[in-house]
Amino acid sequence: QVHVAESGGGLVQAGGSLRLACAVSGNNFWRYGMAWFRQGPGKEREFVAGITWTGGSTSYVDSVKGRFTISRDNAMNTVALQMNSLKPEDTGIYYCAADESSKGLRRRVSDYDYWGRGTQVTVSS
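Residues numbered from 1 in each chain as written. Predicted model: local features only at pLDDT ≥ 70, side-chain atom pairs only at ≥ 80, totals over all residues. Heavy atoms only, no water.

Participant: Please provide a residue-by-residue account of the packing of aromatic side chains, values included.
Facilitator: Evaluation of the coordinates by the stated rule reveals seven aromatic pairs. Between Y32 and Y114, the aromatic rings sit 6.0 Å apart at their centres with planes inclined by 45°, giving tilted as the arrangement. Pair noted here: Y32 is in the loop between strand 3 (18-24) and strand 4 (33-39) and Y114 is in strand 10 (residues 114-115), with a separation of 82 residues, a long-range link. Taking the relative accessible area as the measure of exposure, Y114 reaches 14% and is therefore buried. (Phe/Tyr/Trp six-rings, centres within 6.5 Å; stacked < 30°, edge-to-face > 60°. Helix = DSSP H or I, 4+ residues; strand = E, 2+ residues; numbered from the N terminus. Buried < 20%, exposed > 50% of the residue type's maximum accessible area, 1.4 Å probe, protein only.)

Participant: Can you break down the nonpolar core residue by residue, with the values?
Facilitator: Side chains of nonpolar character tend, in soluble globular proteins, to be buried together. Membership of the largest hydrophobic core comes to 29 residues, with the highest contact counts inside it found for M34, W36, F68, L81, M83 and Y94. Elements supplying a minimum of two residues to this core: strand 3, strand 4, strand 5 (46-51), strand 7 (68-73), strand 8 (78-83), strand 9 (92-99) and strand 11 (119-124). With four residues, strand 3 is the single largest residue contributor to this core. Not counting chain neighbours up to four residues away, the residues in contact with Y94 comprise E6, L20, W36, F37, R38, V48, F68, L81, M83, G118, T119 and V121. (Core = buried A, V, L, I, M, F, W, Y, C linked by side-chain atoms within 4.5 Å. Contact = heavy atoms within 4.5 Å.)

Participant: So what about the side chain of R72? Which residues, and what values?
Facilitator: With respect to the element layout, R72 can be found in strand 7. With no salt bridge to any partner, buried R72 finds its closest opposite charge in D73, at an N-O distance of 8.2 Å. One polar contact links the side chain of R72 to the main-chain carbonyl oxygen of Y32, over a distance of 2.7 Å. Side chain to side chain, R72 and N74 meet in a polar contact 2.7 Å long. In this view, R72 contacts F29, W30, Y32, G33, M34, I51, T52, W53, T54, G55, T78 and V79; residues no more than four positions away in its chain are not counted. (Lys, Arg positive; Asp, Glu negative; His and termini not counted. Salt bridge = Lys/Arg side-chain N within 4 Å of Asp/Glu carboxyl O. Polar contact = N/O pair within 3.5 Å; in protein donor to acceptor, adjacent residues only side chain to side chain.)

Participant: Before we move on, could you go through the pairing of strand 1 (residues 4-7) and cite the residues and values that matter?
Facilitator: Consecutive residues of a regular strand have side chains that alternate between opposite faces of the sheet. Burial along strand 1 is one-sided: V4 and E6 are buried, and none of A5 and S7, which face the opposite way, are. In this structure, strand 1 lies alongside strand 3, joined through four bridges in antiparallel fashion. When the sheet's bridge partners are listed, A5 is paired in strand 3 with A23. (Pairing = 2+ DSSP bridges.)

Participant: Explain the side chain of S59 to me, and be specific about the residues and the numbers.
Facilitator: Structurally, S59 is set in strand 6 (residues 58-60). Its relative accessible area of 13% is what places S59 among the buried residues. Here R107 takes part through its side chain, which lies 2.5 Å from a polar atom of the side chain of S59. Setting aside anything within four residues of it in sequence, one finds S59 in contact with F47, V48, A49, G50, L105 and R107.

Participant: Pulling in residues and values, what's your account of the environment of M76?
Facilitator: Among the secondary structure elements, M76 is positioned in the loop between strand 7 and strand 8. A sequence separation of 41 residues divides M76 from R117, and the C-alpha atoms of the two residues are 20 Å apart.

This is the structure we're talking about:
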């Protein structure tokens, strides 16, 4: 099985920054579309950012555009999410997900095949 592991979450003040990292096992990382999802308290899990297998294209939910940046390093089997200008509404568990059936940018939870256990991001005001 492909294993996905997130790291880098924490507690920050509004306006601060965090960088999340995701490590993926196996030899086929380069084939996967990758994405970050989040789930806030009492909310459904939602798509945050996606990136195609080569990193050539990215997609973001409107609420994070201009503040978050997704990137990948296929040589290291890693994906990152740089989060700047954080807001309290960004609080939630952030999940890294891999899509083996697409080059990337799909937004539904059900589109993704491998998931990490999540990392908590808390933004205080």
